[in-house]
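Reading the structure
If you want the building blocks of each chain, they are given just below.
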Amino acid sequence: MLDKRYNPKDIEKGKYDTWKERDYFKAGDKSKPKFSMVIPPPNVTGKLHIGHSWNTTVQDIIARYKRMKGFDVLWLPGMDHAGIATQAKVEERLRKEGISRYDLGREKFLEQAWNWKKEYADTIHNQWKMMGLSLDYSRERFTLDEGLNKAVNKVFVSLYNKGLIYRGERIINWDPVFKTALSNIEVVYQDDPGKMYYFKYFIEGTDEYLTVATTRPETMFGDVCVVVNPKDERYKDVVGKKVVNPANGELLPVIADSYVDVEFGTGAMKCTPAHDPNDFKIGQKYGFPHPICMNDDATMNSLCGKYEGQDRYTCRDNLVEDIKNNGCLIKIEDIIHQVGHSERSHAVVEPMLSKQWFVRMEPLAKASLDLQNSDEKIEFIPERFNKIFTNWMTNCEDWCISRQLWWGHRIPAYYSKETGEVLVSEVPPKDMENYTQDEDVLDTWFSSALWPFSTLGWPNKTEDLERYYPLDIMVTAYDIIFFWVSRMIFQGVEFTSKRPFDKVLIHGLIRDANGKKMSKSSGNGVDPIDVIDQYGVDALRYFLTTSTSPGLDTRYIEEKVQSSSNYLNKIWNASRFILLNIKDGEENFEIDENLLDDIDKFILTKLEKTISKVTLNMEKYDFANASTHLYNFVYDDFTSWYVELCKIKLNGEDEKVRHNTLSVLLKVLKDIILMIYPYTPFIAEEIYLNLPTHLESIMKETYPEVEEKFIFEESEEIVVDIINMIKEVRSYKVDNSLAPNAEIKLTLIPTSNLDLNKYLPYLKRFTFASEINISSLGEGNIKVFKFANLLIEDNIDKKELLLKIEKEINRLTKEVERCQKMLSNPQFISKAPEFKINQEKEKMQGYQNELNVYIEKKNKIK
RNA sequence: GGAAGUUUAGCUCAGCUGGGAGAGCGCUACCCUUACAAGGUAGAUGUCACAGGUUCGAGCCCUGUAACUUCCACCA
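Residues numbered from 1 in each chain as written. Chains lettered and ligands numbered in written order. Predicted model: local features only at pLDDT ≥ 70, side-chain atom pairs only at ≥ 80, totals over all residues. Heavy atoms only, no water.

**Considerations on the overall build of chain A**
In plain terms, the rule: Counting from the N terminus, the helices are the DSSP runs of H or I reaching at least four residues and the strands are the DSSP runs of E reaching at least two. Only C-alpha atoms enter the radius of gyration, while the globule expectation follows 2.2 Å times N to the 0.38, with N the number of residues. Using a 1.4 Å probe on the protein chains alone, a residue whose accessible area is under 20% of its type maximum counts as buried, one over 50% counts as exposed, and one in between counts as partly exposed. What makes two residues a contact is simply this: any of their non-hydrogen atoms within 4.5 Å. Only the protein chains shown count as cover for residues, with accessible areas throughout obtained via the Shrake-Rupley method and a probe of 1.4 Å. Lys and Arg are tallied as positive, Asp and Glu as negative. Neither His nor the chain termini are counted. By convention, the point assigned to a charge is CZ for Arg, NZ for Lys, CD for Glu and CG for Asp.
Within chain A one finds 27 helices and 29 strands. The C-alpha atoms of chain A give a radius of gyration of 37 Å, which is well past the 29 Å a tight globule of 862 residues would have. Projecting the C-alpha coordinates of chain A onto the three principal axes gives extents of approximately 120 × 65 × 50 Å. When the 862 residues of chain A are sorted by exposure, 54% land in the buried category. Across chain A, the fraction of contacts at a sequence separation of at least 24, relative to all contacts at a separation of at least 6, is 77%. A total of about 39700 Å² of accessible surface is found on chain A, and carbon and sulfur atoms cover 48% of it. Where the 115 positive side-chain charges of chain A centre and where its 134 negative ones centre are 3 Å apart.

Given below as structure tokens:
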């Protein structure tokens, strides 16, 4: 039997282990159609945050729902080695012990990294367990697994052989803290205060000068020329001459190129090919050299004379001071400009010329775009994210994939010690002693991109790959569409010739109660563990998946978790009530349809309609809407009305009726439990196992199906009418300052041949009526309902009563007028759909009937 | 500079293919009615951002404007 209180902690205990031990999460039943997903692999950098809870709960709901719907569900777990992020964490930990990674060397450092991974994999496993995720652990993968490593090498070699991976010198984003290259999307731009410096570049052998502005004076040591626009009248005569670089006195040619904007700045631009992507293009175009003036750690190199060894910013200050002293500084302006920072180290990224490995994006992007223009297109939910994806794909540049890190997939390129020639191969050359392997590792997203098929065994033709690929759905937040979703798509298309998944369900980000992004630095993060401690995991899961809208961000609002918990408490107590009514040894809860009365038929009808609406929304992955339908049913129809109304029968003398009512209660309860189960599996399992008809676990159940035989439209209408009458009396009492249980006399004036006697016990009980007559006579307040007019007998004076009636007449007259106006509008009659017209006609008839009753009543009183 | 999203009750948000505006929390009054006071009953509260347009009819469709948010691209 259920405890008196809903206590999440108690009921959550042990259930997960039981499910897991019984292999309920394990895929492989080939008698069923398959449904497959893979978890977006969390980084092994630390604890999971509430955003992960959201993302994984959505998937768990899908997994549990689809299992009930008869699918062989594979939900594959795994984690990401998260190259740069993890290496940063490990290095930080070492630094606290006063050790640098170079002290340890590559091998030893990787040992440390693997230890770190083990540690945090445990933490993550524990959190998955706490969230109740029904993951198939027998298939768990890690991006640095042997198998996945093989996939990575295969992909690299294949792309290389196709010319889609190349090694080349390009301007890349250099992170001087982690001393590695970054891809474009790993750079975050932010508004930083900075300065614009204006310098004199004297024309060779004259007193005349060009004014050149820059925000990064330290790069002047890498300048090769000054560029002006060929149409710029001001500089017409200077083109072809040489000017003096005020940083080092070297002569720079002035050239003309239309790249320079006449309107911008001074119209004369210094060109530093090795430290700016646009300058690089110009340098290439005119065949200039591209001197690099910085070291890996953003200190100045030997090109910079006395500044050598200085940090770039120290050099900047010193250099400006020196130039000023030389009389070549014109002015310094304070500006706010967008500066690129490393996503991970937050250091200001230095654009630098570097030899790196790149993926040639154009052909791969084209294939993805073609896919999205075909019948096989991947469905983004919500649809608008497809546009975001295709826009990015259309404009993306080549992807820099090499990283100067240790933690990751080592690039399978080997250089001959003798000739320096490169050998790209999935396996090391046999005469490895004559080769050295490329020192770099791959961008962590390179392996994540293969996740949908590498986890299933690719490149081997495994059974799992055969059966579960492509995946049915991928669930992820919009912030990694570029990093991850897009790359999974083009790699999937390239290597499997199939889309990697049919659908992508995109959700938003979770913010704090004020709408601010949660972050460690602002300390506004919410730890899911704390929430679970306080409210239980079911309440958290329910909140996360129901108070959110597809594709939109959501706020963490504790009151909503509280409210979720209250809802679960409601279900808990309703269950308790029903179970308390089962007598010892009572069994066989098949519903006897012959014993159903209108009250039963009412709730069954509402139930079937609810099942239909909930299922419809579950199929659309609209969990917020699905849950709202169920919520309304639970509160409005079930606990507020049916559970209350049926107490009469439960306490009645007819044993058969009592038993049958209980059977109805149990059926409705069970279906509620089954529908809430994907959201809140723990409380659902607990209640389920207390039902007299339970199997070994709710996980063995199937989802409720609509049963037409339980839909009784007329009974629903009648009971709704009775309910409205009860509400009317309650409301009357409040309006007239009567106690809720004050005795009252009612008269029902039948307006149809429905036998009202059947419903009198219900009306009596819920209105506390001392007497109810069925008659056409009577004094008092009158209200019109569908099956009867209701008279509430009281001793208010005629004046007051008349006033009330006048008010009703007024209201109804207006309604009738409104309908009349609409119906006499020829445009409406000719253009509106027929059902709408009929609906309006019916409405008018209803209002008219009501109106007649009040008019009659008014005349009587007079 | 380009794009997307948001704007509905005091707060947080729903609102389906256009056909009389809803929920949760909060608020007011009353109620310990034997499943639930983590509860019940009855209520109050809206120029649906603004301006046009389409339509018999617009919170919903179209155009424009404003504010906020986010993403992308960035010029020395």
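We are not done yet, so read on.
**With respect to empty space enclosed by the protein**
Let me state the cut-off plainly: For each structure, a 1 Å grid was placed over the protein atoms alone; sets of points admitting a 1.4 Å probe that cannot get out are labelled cavities, open sets with protein on both sides within 12 Å along at least five of seven lines are labelled pockets, and lining residues have an atom within 4 Å of a point. Grid points are joined across faces, edges and corners, and a volume is the space filled by probe spheres set on the points.
The final tally for this structure, using the stated rule, is 3 cavities of 30 Å³ or more. For the largest cavity, the calculated volume is near 60 Å³. For the largest cavity, the full set of lining residues is Leu 48, His 52, Ser 53, Thr 56, Gln 127, Trp 128, Met 130, Met 131, Pro 528, Ile 529 and Ile 532. Every element with two or more residues in the lining of the largest cavity is listed here: helix 3 (50–68), helix 5 (101–131) and helix 15 (528–535). Of all the elements, helix 5 adds the most residues to the lining of the largest cavity, at 4 residues. Of the pockets and cavities examined, the second largest cavity occupies roughly 40 Å³.

**Quick word on the sheet that holds strand 18 (residues 413–416)**
Note the threshold: Strands are treated as partners if at least two bridges between them are detected by DSSP. Here, axes are lines fitted to C-alpha atoms. For helices the fit covers the stretch in contact, and angles between N-to-C directions go from 0 to 180 degrees.
Read across the sheet, 3 strands follow the order 19-18-20 without closing on themselves; strand pairing throughout is antiparallel. Across the chains shown, the open sheet's two edge strands, defined by having one partner strand only, are strand 19 (422–424) and strand 20 (435–437). On average, adjacent strands in this sheet sit at an angle of 30° to one another, irrespective of strand direction. By the bridge criterion, 3 bridges tie strand 18 to strand 19 in an arrangement that is antiparallel. By the bridge assignment, Tyr 415 is partnered in strand 19 with Val 422.

**Considerations on the protein's contact with RNA strand B**
Put simply, the rule reads: Throughout this document, a residue counts as near a molecule or strand when at least one of its heavy atoms sits within 4 Å of that molecule or strand. Here a polar contact is taken to be a pair of N or O atoms separated by no more than 3.5 Å, where protein atoms must pair a possible hydrogen donor with a possible acceptor and residues adjacent in sequence count only if both atoms sit in side chains.
Residues in contact with RNA strand B amount to 50 residues; listed here are only the nearest, Gln 338, Glu 815, Arg 818, Lys 831 and Lys 836. Atoms of RNA strand B within 4 Å of the protein: sugar and phosphate make up 55%, bases the balance. One of the side-chain nitrogen or oxygen atoms of Arg 730 is found 3.3 Å away from a sugar or linking oxygen of RNA strand B. One nitrogen or oxygen atom from the side chain of Ser 731 is found 3.4 Å from a phosphate oxygen belonging to RNA strand B.

**What about the pattern of salt bridges?**
The cut-off we apply is this: A carboxyl oxygen of Asp or Glu within 4 Å of a side-chain nitrogen of Lys or Arg is what we treat as a salt bridge.
Tallied over the entire structure, the rule returns 62 salt bridges. Asp 136 is the salt-bridge partner of Arg 139, the closest N and O atoms lying 2.5 Å from each other. Glu 716 is the partner of Lys 606 in a salt bridge, and the nearest nitrogen-oxygen pair spans 3.2 Å. A residue pair is termed long-range when its members are at least 10 positions apart, and Lys 606 in helix 18 (residues 598–619) and Glu 716 in helix 23 (residues 713–735) qualify at 110 residues. The pair formed by Lys 606 and Glu 716 is uniform in burial state, with each residue classed as buried. What you see here is one network of salt bridges that share partners, running through Glu 186, Arg 403, Asp 443 and Arg 487.

**A few points about the packing of helix 16 (residues 537–546) against helix 17 (residues 558–580)**
Selection criterion: Take the far helix as your reference; a near helix turned counterclockwise from it by less than a right angle gives a left-handed crossing, and one turned clockwise gives a right-handed crossing. For this scheme, ten residues count as nonpolar: Ala, Val, Leu, Ile, Met, Phe, Trp, Tyr, Cys and Pro. Four count as charged, namely Asp, Glu, Lys and Arg, and the remainder, Gly too, count as polar.
The geometry of helix 16 relative to helix 17 is characterised by a closest axis approach of 8 Å and an angle of 115° between their N-to-C directions. Note that helix 16 runs across helix 17; the crossing there is right-handed. Where helix 16 approaches helix 17, its residues Asp 538, Ala 539, Leu 540, Tyr 542 and Phe 543 are matched on the opposing element by Lys 560, Val 561, Ser 564, Ser 565, Tyr 567 and Leu 568. Per-class residue counts for the contact of helix 16 with helix 17 are 7 nonpolar, 2 polar and 2 charged.

**Regarding the sheet that holds strand 22 (residues 471–477)**
Spatial ordering of the open sheet is given by 15-23-22, a layout of 3 strands whose pairing is parallel. Two strands in the sheet have a free side with no partner beyond their single neighbour: strand 15 (379–381) and strand 22. Strand-to-strand twist across the sheet, computed as the mean angle between neighbouring axes with direction ignored, equals 20°. Where strand 22 and strand 23 (residues 501–507) come together, 6 bridges link them in parallel fashion. Across the sheet, residue Ile 473 finds its bridge partner in strand 23, namely Lys 503.

**Brief notes about unusual backbone geometry**
With an omega of -5°, the peptide bond between Ile 381 and Pro 382 qualifies as cis. Of note, Pro 382 is situated in the loop between strand 15 and helix 10 (384–395). Cis geometry marks the peptide bond from Tyr 469 to Pro 470; its omega dihedral reads -5°. Locating Pro 470 in the fold gives a position in the loop between helix 13 (463–468) and strand 22. Residues other than glycine seldom take positive phi values, yet Ser 497 does so here, at roughly 55°. Looking at the element boundaries, Ser 497 is found in the loop between helix 14 (481–496) and strand 23. Taking the relative accessible area as the measure of exposure, Ser 497 reaches 65% and is therefore exposed. Phi is positive for Ser 737, close to 55°, though the residue is something other than glycine. Residue position: Ser 737 is located in the loop between helix 23 and strand 26 (744–750). Judged by relative accessible area, which is 69%, Ser 737 ranks as exposed.

**Let's talk about the packing of aromatic side chains**
To keep it simple, the criterion reads: A pair of Phe, Tyr and Trp rings is counted when the ring centres sit within 6.5 Å of each other, with Trp represented by its six-membered ring. The angle between the planes then sorts it: under 30 degrees is stacked, over 60 is edge-to-face, the rest tilted. The criterion for a charge sitting over a ring is simple: Lys NZ or Arg CZ within 6 Å of the ring centre, and within 35 degrees of the ring normal.
Going through the model one piece at a time under the given rule, you end up with 39 aromatic pairs. On the numbers, 6.4 Å between centres and 85° between planes, the contact of Phe 623 with Tyr 679 is edge-to-face. Linking Phe 623 in helix 19 (residues 623–645) with Tyr 679 in the loop between helix 21 (655–676) and helix 22 (681–690), this pair joins segments that are 56 residues apart in sequence. Each member of the pair, Phe 623 together with Tyr 679, is buried. Residues Phe 633 and Phe 638 carry aromatic rings whose centres are separated by 6.3 Å and whose planes lie at 15° to one another, so their mutual orientation is stacked. With relative accessibility at 1%, the residue Phe 633 sits in the buried group. Put simply, the rings of Tyr 542, Tyr 567, Tyr 621, Phe 623, Tyr 631, Tyr 635 and Tyr 679 pair up and form one aromatic cluster. The ring of Tyr 137 carries the charged tip of Lys 20 above its face, separated from the ring centre by 4.5 Å. Here Lys 647 stacks its cationic end above the ring of Phe 577, 5.2 Å away from the centre of that ring.

**Overview of the nonpolar core**
This is how the line gets drawn: The criterion is simple. A nonpolar core is a set of buried Ala, Val, Leu, Ile, Met, Phe, Trp, Tyr and Cys residues joined through side-chain atoms within 4.5 Å.
Ranked by internal contacts, the top residues of the largest apolar core, which has 138 residues, are Ile 62 and Phe 638. Per-element accounting of this core gives the leading share, 11 residues, to helix 21. Dropping the residues within four chain positions of it, Ile 62 is found in contact with Phe 35, Met 37, Ile 473, Val 475, Leu 505, Tyr 621 and Phe 623. Core analysis: the second largest hydrophobic core is formed by 60 residues, Val 155, Ile 401, Trp 458 and Leu 471 among them.

**Side note on the side chain of Thr 266**
For Thr 266, the position within the fold is in the loop between strand 11 (251–256) and strand 12 (268–271). Beyond its immediate chain neighbours, meaning those up to four positions away, Thr 266 contacts Tyr 198, Thr 211, Val 212, Ala 213, Arg 234 and Tyr 235.

**Focus on the pairing of strand 1 (residues 34–38)**
Most of strand 1 is tucked away: 4 of the 5 residues are buried. With 5 bridges connecting them, strand 1 and strand 2 (residues 72–76) associate as parallel partners. Note that in strand 2 the partner of Ser 36 across the bridge is Leu 74.

**Let's talk about helix 7 (residues 277–286)**
For the record, the criterion: Here the arc refers to the set of directions running from the helix axis out to each C-beta atom.
Listing the buried residues of helix 7 in full gives Asp 279, Phe 280, Ile 282 and Gly 283. Buried positions in helix 7, seen along its axis, are confined to an arc of 165° and lie on one side of it. Counted as exposed and oriented over 90 degrees from the buried face of helix 7: Lys 281, Gln 284 and Lys 285. Buried residues along helix 7 sit in contact with strand 5 (165–175), strand 9 (225–228), strand 11, strand 12 and strand 14 (350–359). At the N-terminal end of helix 7, a side-chain oxygen is found 2.8 Å from the backbone nitrogen of Asn 278, two or three residues along, and the residue is Asp 276.

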